[in-house]
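Here is how the chains run, residue by residue.
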Amino acid sequence: MDDPLIVVALLLVAASATAAVATRDPARQALVLALLGLCLAVLFTVVQAPDVGLSQLAVGSAVTPLLIMLSVRKVRRKPKDGKGEER
């Protein structure tokens, strides 16, 4: 009875993982990674592992993409003195 739901969840995970790999821009990649974390949390919940799903939701959908976005912002920041190359 749950088999079609598991198949749909697996297809969502496969599609979002492929999108995360295919995306070139790090900022967009972080957003797609958050979507992948959400899909994995749904998959874990469907296969009756809600504790792992909650952990994945917290870490994979919130903390990791946030750290990536902050890192990208730090790297792309312009120098304060106005000298040097612009990225």
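Here the structure is a predicted model, which means the values were calculated and not measured.

Conventions adopted
- Residues numbered from 1 in each chain as written.
- Predicted model: local features only at pLDDT ≥ 70, side-chain atom pairs only at ≥ 80, totals over all residues.
- Heavy atoms only, no water.
- Salt bridge = Lys/Arg side-chain N within 4 Å of Asp/Glu carboxyl O.
- Helix = DSSP H or I, 4+ residues; strand = E, 2+ residues; numbered from the N terminus.
- Buried < 20%, exposed > 50% of the residue type's maximum accessible area, 1.4 Å probe, protein only.
- Patch = residues over 30% accessible without salt bridge, like charges linked within 9 Å, V, L, I, M, F, W, Y side chains within 5 Å.
- Areas by Shrake-Rupley, 256 points an atom, 1.4 Å probe, with all protein chains shown as cover.
- Lys, Arg positive; Asp, Glu negative; His and termini not counted.
- Charge placed at Lys NZ, Arg CZ, Asp CG, Glu CD.
- Core = buried A, V, L, I, M, F, W, Y, C linked by side-chain atoms within 4.5 Å.
- Contact = heavy atoms within 4.5 Å.
- Axes fitted to C-alpha atoms, helices over the stretch in contact; angles between N-to-C directions.
- Parallel < 35°, antiparallel > 145°, perpendicular 65-115°, else oblique.
- Nonpolar A, V, L, I, M, F, W, Y, C, P; charged D, E, K, R; others polar.
- Expected span 1.5 Å × (residues − 1).
- Bend = angle between axes of the 7 residues up to and from the residue.

Chemist: Explain the pattern of salt bridges here, please?
Modeler: Any two side chains of opposite charge can pair if their charged atoms end up close together. Within the structure shown, the criterion is met by one salt bridge. Asp25 is the partner of Arg76 in a salt bridge, and the nearest nitrogen-oxygen pair spans 2.7 Å. Taken together, the residues span a long stretch of sequence, with Arg76 in helix H3 (residues 50-76) and Asp25 in the loop between helix H1 (3-22) and helix H2 (26-46) at a distance of 51 residues. Arg76 sits in the partly exposed class, given a relative accessible area of 46%.

Chemist: What am I meant to see in a positive patch on the surface here?
Modeler: Among the surface-exposed residues, Arg73, Lys74, Arg77 and Lys80 lie close enough to one another that they form a single positively charged patch. Within the fold, Arg73 resides in helix H3.

Chemist: Can you help me understand the nonpolar core in this one?
Modeler: One broad rule of soluble globular proteins: the nonpolar side chains tend to lie buried together. Of all hydrophobic cores here, the largest spans five residues; its members are Ala9, Val13, Leu36, Cys39 and Leu43. Breaking this core down by element, the ones donating at least two residues are H1 and H2. Ranked by the residues each element gives to this core, the list is headed by H2, at three residues. Contact partners of Val13, with chain neighbours within four places excluded, come to Leu36, Cys39, Leu40 and Leu43.

Chemist: Can you walk me through the packing of H2 against H3 in this structure?
Modeler: In a packed pair of helices, the relevant descriptors are the angle between the two axes and the axis-to-axis distance. Remark: H2 packs on H3, axes separated minimally by 7 Å, with the N-to-C direction vectors making an angle of 175°. If you check the angle between H2 and H3, you find them roughly antiparallel. Residues of the contact of H2 with H3, tallied by class, amount to 16 nonpolar, seven polar and one charged.

Chemist: In this structure, what is going on with H3? I would like to understand it.
Modeler: Given 3.6 residues per turn, any residue in an α-helix points the same way as the ones three and four places further on. Between its first and last C-alpha atoms H3 spans 38 Å; for 27 residues at 1.5 Å apiece the expected length is 39 Å, and the two agree. Within H3, the axis deviates most sharply at Gln56, by approximately 30°. Residues Gly53, Gln56, Gly60, Ser61, Pro65 and Val72 constitute the buried set of H3. Buried positions along H3 lie against H2.

Honestly, it's all geometry; don't read function into it.
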